[in-house]
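Breakdown of the fold
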Amino acid sequence: MRIALVPHIRQGRTVAWTRDMVAALQERGVEVVSAPDAADLIGVDPTPFGVKAGLDLVVAIGGDGTVLKAVRLGRGSGAPIYGINDGRLGYLADVLPDDFPTFLDRMASGEWLTSERMLLAASINGAPPTIGLNDVVVEKVENQRTVRLAISIDGEPFINYPADGVVVATATGSTAYNLSAGGPLIDPALDVLVMTPVAPHFLFSRAMVFPPHHRLRFEVMEDRSAGVGVDGREIAIMRPGDWIEVEGAGHVTFARFAERSFPASVKQKFSLA
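An account of the accompanying structure is given in this report. (Residues numbered from 1 in each chain as written. Predicted model: local features only at pLDDT ≥ 70, side-chain atom pairs only at ≥ 80, totals over all residues. Heavy atoms only, no water.)

On to the environment of Val 30. Among the secondary structure elements, Val 30 is positioned in the loop between α1 (12–27) and β2 (31–34). The spacing of Val 30 and Val 137 is 107 residues in sequence and 39 Å in space, taken between C-alpha atoms. Beyond its immediate chain neighbours, meaning those up to four positions away, Val 30 contacts Met 1, Ile 3, Leu 25 and Ala 108. (Helix = DSSP H or I, 4+ residues; strand = E, 2+ residues; numbered from the N terminus. Contact = heavy atoms within 4.5 Å.)

Written out as structure tokens, the structure is:
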């Protein structure tokens, strides 16, 4: 068994806890490696995360941002991703079970369940795409000014949005910026793209849901630039006339150690029960 750990390296508590986890896994015969930026901190060898790395599991330890980092690093390895929440609110990571030794025994023996999560791809002006798990956000970069986006779906002109921005999310990302913008919560088992405007200055303000093979194109209009973020990371500033296309881009595998329905997850995260 070969497990790669991706801890939140700027949280001292998380780093210290990860060191304890390394020792516990090694006692169980697991070879532990880590993301390059964490290797010295937790005392293991770094791994390049490619297919040849021979990883069985990639474990993120932190919040949702750490899980997204683990997806960026580990999705090319073919190993499933598992997130452990270090105590903050998160939608992609699980809280630690009460019986932690048994949990480690199951991890060391490969006793986990898997599910597939859809990815999306964002390509600016035809350049090689950036892959994300949660969302692509196109938004204004100047205060007090909206951005105008000409939107087309599979080459068919749809609408011009004057708005603060627009979010294109996967079902997994529906609990992130999409939710804050008023978009729907979607079960992550579904393969969809949901397009949600952010503070539109327009009568039509509804989110729309599309199948993953549809290509959503956004062109920056007039004289106002727009910023582009993928999974919370800014990747570009688009100038007037630039365009971005977003579509589904395959899947990444997630691991879990207990069955939990989407409604149960929503109840827990929103403290509904």
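Let's pick the thread back up.
Further remarks concern the pattern of salt bridges. As enumerated under the stated definition, the model contains 15 salt bridges in all. The residue Arg 2 makes a salt bridge to Glu 31 at a minimum N-O spacing of 3.0 Å. Here Glu 31 lies in strand β2 and Arg 2 lies in strand β1 (residues 2–7), a separation of 29 residues in the sequence. Overlapping salt bridges, with partners in common, bring together Glu 142, Arg 145, Asp 223 and Arg 224 in one network. (Salt bridge = Lys/Arg side-chain N within 4 Å of Asp/Glu carboxyl O.)

Attention now moves to the packing of aromatic side chains. Inspection of the entire model under this criterion finds six aromatic pairs. Ring geometry for Tyr 82 and Phe 257: centres 4.9 Å apart, planes at 80°, overall edge-to-face. Of this pair, Tyr 82 sits in strand β5 (residues 81–85) while Phe 257 sits in the loop between β16 (243–256) and α6 (262–269), and the two are 175 residues apart along the sequence. Using a relative accessible area of 3% as the deciding quantity, one classes Tyr 82 as buried. Phe 257 sits in the buried class, given a relative accessible area of 8%. Both rings, one in Trp 112 and one in Phe 257, keep their centres 6.3 Å apart while their planes meet at 75°; by these two values the pair is edge-to-face. Of this pair, Trp 112 sits in the loop between α4 (100–109) and β6 (113–124) while Phe 257 sits in the loop between β16 and α6; the two residues are 145 residues apart in sequence, bridging distant segments of the chain. On the basis of relative accessible area, Trp 112 is assigned to the buried category, the value being 16%. Feature note: the residues Trp 17, Tyr 82, Phe 100, Phe 103, Trp 112 and Phe 257 constitute an aromatic cluster, connected by ring pairs. The residue whose ring lies beneath Arg 117 is Phe 254, and the NZ or CZ to ring-centre distance is 4.9 Å. Positioned over the ring face of Trp 243 is Arg 217, at 4.1 Å from the centre of the ring. (Phe/Tyr/Trp six-rings, centres within 6.5 Å; stacked < 30°, edge-to-face > 60°. Buried < 20%, exposed > 50% of the residue type's maximum accessible area, 1.4 Å probe, protein only. Lys NZ or Arg CZ within 6 Å of the ring centre and 35° of its normal.)

Of all six residues in β1, six are buried; the element is thus mostly enclosed. Side chains of β1 alternate between two faces, with Arg 2, Ala 4 and Val 6 and Ile 3, Leu 5 and Pro 7 buried alike. Viewed along the sheet, the connection from β1 through α1 into β2 turns out right-handed. In this sheet, strand β4 (residues 57–62) lies alongside β1 in parallel orientation, the contact comprising five bridges. Bridge pairing in β4 places Val 6 opposite Ala 60. (Right-handed = clockwise from strand over helix to strand, strands pointing away. Pairing = 2+ DSSP bridges.)

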